[in-house]
Amino acid sequence: MEVAIRIILLSGKSALDLALYTLLPVLVVMMAMMKLAEARGLLALVARWLRPVLRSFGVPGAGAFAMLQLLLVSFAAPVATFSVMEKDGSTRRAIAATLAMVLTMSQANVVFPMVAAGLDLATIMMTSLVGGLAAAALTYYLLTRSLGNEGGEHEDHGVPAATGKKSTALNLMIVGGQEAVQVIIGAIPMLILAIFLVNVLKEIGAIALLETALRPFFALIGFPAVAVLPLATKYLAGGTAMMGVTLNLVKEGAITVAELNRMAGFLTNPCDIVGVAVLASAGTRCSSVVRPAVIGALFGILLRGVLHLLIF
């Protein structure tokens, strides 16, 4: 019992230190700035510039906006855009391509806090674009080719209009900061449980067994044996839990900055149980193309992972 209490308290302390002193300051500032940019139409403007390029990969104008929301706001932000695409006549092929792209790219709520630990932001953005567009093209031109224009029209309905222009800049930034606080508060239980689970697995020796079994394979690709922890956490509990475990390992010195960047191609994306469930909740047409979108995303994530291994 004493061991269990010790693990619980240690896990809680680690999770709270991470949430309040690392994640909260970064997310409050970033989400405040992105809320202002979104409301003032800056994201929509950039999306319109990207629209001609993205269309060749099967991604409509609204998909460009979803991409920027993911990269600059959070993994859940594109849900609003997918909801618009559900009703604006976008084809199911276009929705599937956009979903595959979003599932492949890196989410801002995970990336920006990890940048503070040494994650290379420029490389993350570059591989996100390469992998995301490859996933979209594969999904649109091959995996959903049989759908044709089923469930939608030919036309591209463009970028969703910006909202909230009547609010002052200060009010918009406060709202963005409050949303960041809500995100962090909501993430604290998951962080505590994730770190607690990892500590329990360490205590009973399960992690040591996995590390021993996977060490030869991980050595081939330059991963530390302890990488089994964030990888398993990410695909089972989601990106936020993975971030908590990974940053804790970096803080403890179990993972170096170079190793973090090598792993990032496989870790920083919303293609996990939690992320897929949240994004698919946008509507029935979106949920109906989850299977091809996930297959396309897995290809894009593999491409991103290989790029990170080659670069770092």
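Undergrad: An account of the overall build of the protein chain is requested, with residue identities and associated values reported.
TA: Counting its regular elements, the protein chain contains 15 helices and zero strands. The 312 residues of the protein chain split such that 52% are buried. Looking at the protein chain alone, contacts between residues at least 24 apart form 83% of all its contacts between residues at least 6 apart. As displayed, the protein chain has an accessible area near 13600 Å², and 70% of this comes from carbon and sulfur atoms.

Undergrad: A description of the nonpolar core should follow, citing residues and the corresponding values.
TA: Core analysis: the largest hydrophobic core is formed by 84 residues, its most contacted members being Phe82, Leu99, Met114 and Phe223. Setting aside anything within four residues of it in sequence, one finds Leu99 in contact with Phe82, Leu279, Cys286, Val289, Val290 and Ala293.

Undergrad: Quick one: what's the story with the state of the cysteines, residue by residue and with numbers?
TA: If you walk through the whole model with that rule in mind, you get zero disulfides. The thiol of Cys271 is not disulfide-bonded; the next cysteine sulfur, from Cys286, is found 13 Å away. Looking at Cys286, the relative accessible area reads 0%, which means it is buried.

Undergrad: Kindly report on the pattern of salt bridges, identifying the contributing residues and their values.
TA: A pair can form between side chains of opposite charge whenever their charged atoms are brought close. Evaluation of the coordinates by the stated rule reveals three salt bridges. Asp17 is paired through a salt bridge with Lys13; the nearest N and O atoms lie 3.2 Å apart. Taken as a pair, Asp17 and Lys13 lie in helix α1 (residues 2-39) at a separation of four residues, close to a single helical turn. Note on Asp17: relative accessible area 23%, which makes it partly exposed. With a relative accessible area of 54%, Lys13 lands in the exposed category. For Asp272, the salt bridge goes to Lys234, with nearest N and O atoms at 2.5 Å. Placement of the pair is Asp272 in the loop between α12 (257-267) and α13 (273-280) and Lys234 in helix α10 (residues 228-237), with a sequence separation of 38 residues. Judged by its relative accessible area of 5%, Asp272 falls in the buried class. By relative accessible area, Lys234 is classed as buried at 0%.

Undergrad: Account for the side chain of Thr104, naming residues and giving values.
TA: Position of Thr104 relative to the elements: it lies in helix α5 (residues 92-104). On the basis of relative accessible area, Thr104 is assigned to the buried category, the value being 0%. Among residues more than four places away in sequence, those in contact with Thr104 are Gly131, Gly132, Ala135, Thr268, Asn269, Gly296, Ala297, Gly300, Ile301 and Arg304.

Undergrad: Give me the lowdown on the packing of α10 against α12, citing residues and values where you can.
TA: Contact pair α10 / α12: the axes reach a minimum separation of 11 Å and the direction vectors enclose 20°. Classed by the angle they form, the pair α10 and α12 counts as roughly parallel. In this structure, α10 crosses over α12, and the sense of that crossing is right-handed. From α10, Pro230, Leu231, Lys234 and Tyr235 reach across to α12, where they touch Met263, Phe266 and Leu267. Looking at the contact of α10 with α12 residue by residue, the class counts come to six nonpolar, no polar and one charged.

Undergrad: Can you break down the environment of Gly238 residue by residue, with the values?
TA: Mapped onto the fold, Gly238 is located in the loop between α10 and α11 (239-252). Of the residues examined, Gly238 reaches a relative accessible area of 2% and is grouped as buried. Separated by 33 residues in the primary sequence, Gly238 and Cys271 place their C-alpha atoms 8.3 Å from one another. Apart from residues lying up to four places away in sequence, Gly238 is in contact with Thr233, Asp272 and Val274.

Undergrad: Explain α13 residue by residue, including any values.
TA: Taken residue by residue, α13 has Gly275, Val276, Leu279 and Ala280 as its buried positions. Summarising the axial view, the buried residues of α13 lie within an arc of 120°, below the 170-degree limit, and thus occupy one face. Where the residues of α13 are buried, they touch α4 (78-87), α5, α14 (284-287) and α15 (290-311).

Undergrad: Which residues make up a nonpolar patch on the surface, and what values go with them?
TA: On the surface, Met126, Val130, Leu302, Val306, Leu310 and Ile311 cluster together to form a nonpolar patch covering roughly 530 Å² of accessible area. At the level of secondary structure, the elements contributing two or more residues to the nonpolar patch comprise α7 (121-143) and α15. In terms of residues, the nonpolar patch owes the most to one element, α15, which gives four residues. As for its placement among the helices and strands, Leu302 is situated in helix α15.

Undergrad: Describe the packing of aromatic side chains, and please don't skip the residues or the numbers.
TA: Applying the stated rule across the entire model yields four aromatic pairs. Note on Tyr140 and Tyr141: the rings are 5.0 Å apart at their centroids and 85° apart in plane angle, and the pair reads as edge-to-face. Among the aromatic residues, those joined into a ring-pair cluster are Phe217, Phe218, Phe223 and Phe266. Directly above the ring of Tyr140 sits Arg93, whose terminal nitrogen or CZ lies 4.0 Å from the centroid.

What counts as what
- Residues numbered from 1 in each chain as written.
- Predicted model: local features only at pLDDT ≥ 70, side-chain atom pairs only at ≥ 80, totals over all residues.
- Heavy atoms only, no water.
- Helix = DSSP H or I, 4+ residues; strand = E, 2+ residues; numbered from the N terminus.
- Buried < 20%, exposed > 50% of the residue type's maximum accessible area, 1.4 Å probe, protein only.
- Contact = heavy atoms within 4.5 Å.
- Areas by Shrake-Rupley, 256 points an atom, 1.4 Å probe, with all protein chains shown as cover.
- Core = buried A, V, L, I, M, F, W, Y, C linked by side-chain atoms within 4.5 Å.
- Disulfide = S-S within 2.5 Å.
- Salt bridge = Lys/Arg side-chain N within 4 Å of Asp/Glu carboxyl O.
- Axes fitted to C-alpha atoms, helices over the stretch in contact; angles between N-to-C directions.
- Parallel < 35°, antiparallel > 145°, perpendicular 65-115°, else oblique.
- Left-handed = near helix turned anticlockwise from the far one by under 90°.
- Nonpolar A, V, L, I, M, F, W, Y, C, P; charged D, E, K, R; others polar.
- Arc of directions from axis to C-beta.
- Patch = residues over 30% accessible without salt bridge, like charges linked within 9 Å, V, L, I, M, F, W, Y side chains within 5 Å.
- Phe/Tyr/Trp six-rings, centres within 6.5 Å; stacked < 30°, edge-to-face > 60°.
- Lys NZ or Arg CZ within 6 Å of the ring centre and 35° of its normal.

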